[in-house]
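Letter by letter, the chains look like this.
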Amino acid sequence: MSTIAAIATPPGAGGIGIVRLSGPRAKALLARMFLPLSPRFENFRPWFLHRGRVLDRYGEALDDVLAVFMPGPRTFTGEDMAEIHCHGGPLIVQAVLESILRLGARQAERGEFSRRAFVNGRMDLSQAEAVAELIAAPSREALRYSLNRLDGLLGRRVLALREELEALRVQVCLAVDFPEEEVECLAPAAFGRAVTEVACSVRRLLAGQKRARVMQQGAVVVLAGAVNAGKSSLLNALLGRNRALVTDIPGTTRDFLEEACDLDGLPVRLTDTAGLRQTEEGRHGADAVEALGMALSREKLGEADCILLVLDGARLGEAGAAAESCPDAAARQVLELAGDTPVLLVWNKSDLCSPELFPPRWADGLSCCKVSARSGGNVDALAMALRQTLLADGCDRPPSDGLAPNARQALALEEALAELEALEADVRAGQPYDCCAVRLDTAAAHLGEVTGLSSPAEVLDRVFAQFCIGK
């Protein structure tokens, strides 16, 4: 096994630069280029920072540094490791790395430190991916979920499901291998129930993928509704500043307007759209421009992760809240276009009309919130309700459980689920247990791909190629 080296800190100037080594010669290479300043130094004390000078290949000092040796296997990679903490000038850090390479170390490839940690059993593949996701986390929520995966929460849950399938396979093989023996075998009804339970658990894991995407990429929230409902005022209130033009003239917004917002650590892109109303076909000028704006509004609704359906509470009044069916034509249109996209109903202008009957009778189970965009009343409560809606995934666990698989992990879980659903159908159809055992093996293999137990080499290459060189 070769000894690898790389710069572990980001490019550019900084207070500190770190060069790390991993492999069987890490200590020897460090000793050859490190000149201790303490006269009492005899050998590298494990996990202890020693001050000294780092030397180039000619024995000339490059920098005043701190050096540490970390013996395996209780290191990040599971191997002997060493680090040199020098000043963070790019020239200094590069010179230190070049000296190590000239002494016999090899330049590490992308993700090679993490790959060695995976190969040496220091982490599973889901934890290794969490390292890269932790570094690239764009929000506090993404940081928290990546840290949970790094702790192995997802891997342990998947391993438990895989063990359940292995236990089922043992009982299935017992029925196949000893059909004439009087041994306790798994009845078809109990077998089907056990498979269904595992399938439901996999579905719950998959439900967290939405949270993972929202936290990593940010959520798209579209403000929609009738003209003059107060969408632009609400956008300004959520942003805490005047970004959109607000007037009493209906139809002020002719195009969509997008602004980034942070909802307690969750990145969100708010999109203010043109109000929806009927326009005359074939008209030119202002009406034609407004019609184009409304067409864009309908297009943006299809891209939304959540829709804020803004109602003009002052216009609807008490009667509008008590109506059996939605009296707002624009709101009806938005609800039709929403499809499966979550809709948060916002009763705006509550300072002018705050109905006693709320949520409205016709809301039909929609999440609802009363606000006054003009005065800012209840806007904070709306922001929290929006955050909860974006993080909800329909499963029976709170979003703080940390189970949010990434795209690769979700694909493996989907393939496992497909096999389990096919297995459920086979059990109901009375298929022989030896055929069922094949599907159990396949489902277990797909679950193993999440943690890397059964991932082919090309998958591992693709995963670790996305890492930075020093990790």
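Above: the structure in question.
Reference entry: report on the structure contained in this document. Note that the structure is predicted; figures quoted are calculated from it, not measured.

### Considering the sheet that holds strand β7 (residues 106-107)
Then, in step 1: If you walk across this open sheet you meet the seven strands as β3-β4-β5-β6-β2-β1-β7, and the pairing is mixed. Taken across any chain shown, the strands that pair with only one partner, and hence form the sheet edges, are β3 (34-36) and β7.
Then, in step 2: For strand β5 (residues 61-70) and strand β6 (residues 81-88), the ladder comprises five bridges, and the chain directions are antiparallel. Along β6, the bridge assignment pairs A67 with I84.

### Re the sheet that holds strand β13 (residues 367-370)
Sheet strands line up and pair through hydrogen bonds in the backbone, either parallel or antiparallel.
Then, in step 1: Taken in spatial order, the six strands make up an open sheet running β9-β10-β8-β11-β12-β13, and their pairing is mixed. One side of each edge strand has no neighbouring strand; the edge strands of this open sheet are β9 (257-263) and β13. Across the sheet, the mean angle from the axis of one strand to that of its neighbour is 25°, orientation sign disregarded.
Then, in step 2: Relative to strand β10 (residues 266-272), β9 runs antiparallel, the two being bridged by seven bridges. Along β10, the bridge assignment pairs A260 with R269.
Then, in step 3: Across the sheet, helix α9 (residues 231-239) is in contact with β8 (219-225), β9, β10, β11 (306-312) and β12 (343-348); its angle to β10 comes to roughly 155°.

### Notes on the nonpolar core
Then, in step 1: Grouped together as the largest cluster of nonpolar side chains are 33 residues, with contacts concentrated most on L234, L270, L308, L382 and L390.
Then, in step 2: The element that contributes the greatest number of residues to this core is helix α13 (residues 379-391), accounting for six residues.
Then, in step 3: In this view, L390 contacts K210, V214, A219, V221, L263, L266, V268, D305 and C306; residues no more than four positions away in its chain are not counted.
Then, in step 4: Within the second largest apolar cluster, 31 residues are counted, among which are A416, Y433, C436 and L447.

### Brief notes about the packing of helix α7 (residues 188-207) against helix α15 (residues 433-451)
Then, in step 1: Direction vectors running N to C along α7 and α15 enclose 15°, while the axes themselves pass 13 Å from each other. With respect to each other, α7 and α15 are oriented roughly parallel. The handedness of the crossing between α7 and α15 is left-handed. Of the residues in α15, those in contact with P188, F191 and V202 of α7 are Y433, C436, L440 and L447.

### Comments concerning helix α12 (residues 329-338)
Then, in step 1: Those residues of α12 lying buried are A330, A331, Q333, V334 and A338. Along the long axis of α12, the arc covered by the buried residues comes to 160°, so they all point the same way.
Then, in step 2: The opening residue of α12, the one whose side-chain oxygen lies 2.9 Å from the backbone nitrogen of A330, is D328.
Then, in step 3: One or two steps after α12, the chain reaches G339, where phi turns positive at roughly 65°.

### Considerations on the environment of L238
Then, in step 1: When you line up the elements, L238 lands in helix α9.
Then, in step 2: The exposure class of L238 is buried, given its relative accessible area of 13%.
Then, in step 3: Taking the C-alpha atoms as reference points, L238 and A383, separated by 145 residues in sequence, lie 7.2 Å from one another.
Then, in step 4: Setting aside anything within four residues of it in sequence, one finds L238 in contact with C261, L270, L308, V379, L382 and A383.

### Focus on a negative patch on the surface
Then, in step 1: A contiguous patch of negative charge on the surface is contributed by E163, E164, E166 and E197.
Then, in step 2: Sorting elements by how many residues they give to the negative patch places helix α6 (residues 153-177) first, with three residues.
Then, in step 3: You can see E163 is positioned in helix α6.

### A word on unusual backbone geometry
Then, in step 1: Between G72 and P73 the backbone carries a cis peptide bond, its omega angle lying at 5°.
Then, in step 2: By the element assignment, P73 lies in the loop between β5 and β6.
Then, in step 3: In this model, F358 is joined to P359 through a cis peptide bond whose omega is 5°.
Then, in step 4: Within the secondary structure layout, P359 lies in the loop between β12 and β13.
Then, in step 5: Positive phi values are uncommon outside glycine, yet W47 reaches one of about 65°.
Then, in step 6: When you line up the elements, W47 lands in the loop between β3 and β4 (50-55).
Then, in step 7: Unlike most non-glycine residues, D364 shows phi in positive territory, near 55°.
Then, in step 8: Note on placement: D364 falls in the loop between β12 and β13.
Then, in step 9: Residue class for D364 comes out exposed when judged on its relative accessible area of 73%.

### Describing the pattern of salt bridges
Then, in step 1: Scanning the model with the defined rule gives 15 salt bridges in all.
Then, in step 2: Put simply, E83 and R20 hold a salt bridge, and the shortest N to O gap is 3.4 Å. In this pair, E83 sits in strand β6 while R20 sits in strand β2 (residues 14-22), placing the two residues 63 residues apart along the sequence.
Then, in step 3: The residue R51 makes a salt bridge to D64 at a minimum N-O spacing of 2.7 Å. Residue R51 is located in strand β4, and its partner D64 is located in strand β5; the two are separated by 13 residues in the primary sequence.
Then, in step 4: Among the ionic contacts, a cluster of salt bridges with common partners joins E79, R106, E112 and R116.

Here is what the cut-offs are and how they apply
Residues numbered from 1 in each chain as written. Predicted model: local features only at pLDDT ≥ 70, side-chain atom pairs only at ≥ 80, totals over all residues. Heavy atoms only, no water. Pairing = 2+ DSSP bridges. Helix = DSSP H or I, 4+ residues; strand = E, 2+ residues; numbered from the N terminus. Axes fitted to C-alpha atoms, helices over the stretch in contact; angles between N-to-C directions. Contact = heavy atoms within 4.5 Å. Core = buried A, V, L, I, M, F, W, Y, C linked by side-chain atoms within 4.5 Å. Buried < 20%, exposed > 50% of the residue type's maximum accessible area, 1.4 Å probe, protein only. Parallel < 35°, antiparallel > 145°, perpendicular 65-115°, else oblique. Left-handed = near helix turned anticlockwise from the far one by under 90°. Arc of directions from axis to C-beta. Polar contact = N/O pair within 3.5 Å; in protein donor to acceptor, adjacent residues only side chain to side chain. Patch = residues over 30% accessible without salt bridge, like charges linked within 9 Å, V, L, I, M, F, W, Y side chains within 5 Å. Areas by Shrake-Rupley, 256 points an atom, 1.4 Å probe, with all protein chains shown as cover. Salt bridge = Lys/Arg side-chain N within 4 Å of Asp/Glu carboxyl O. Lys, Arg positive; Asp, Glu negative; His and termini not counted. Charge placed at Lys NZ, Arg CZ, Asp CG, Glu CD.

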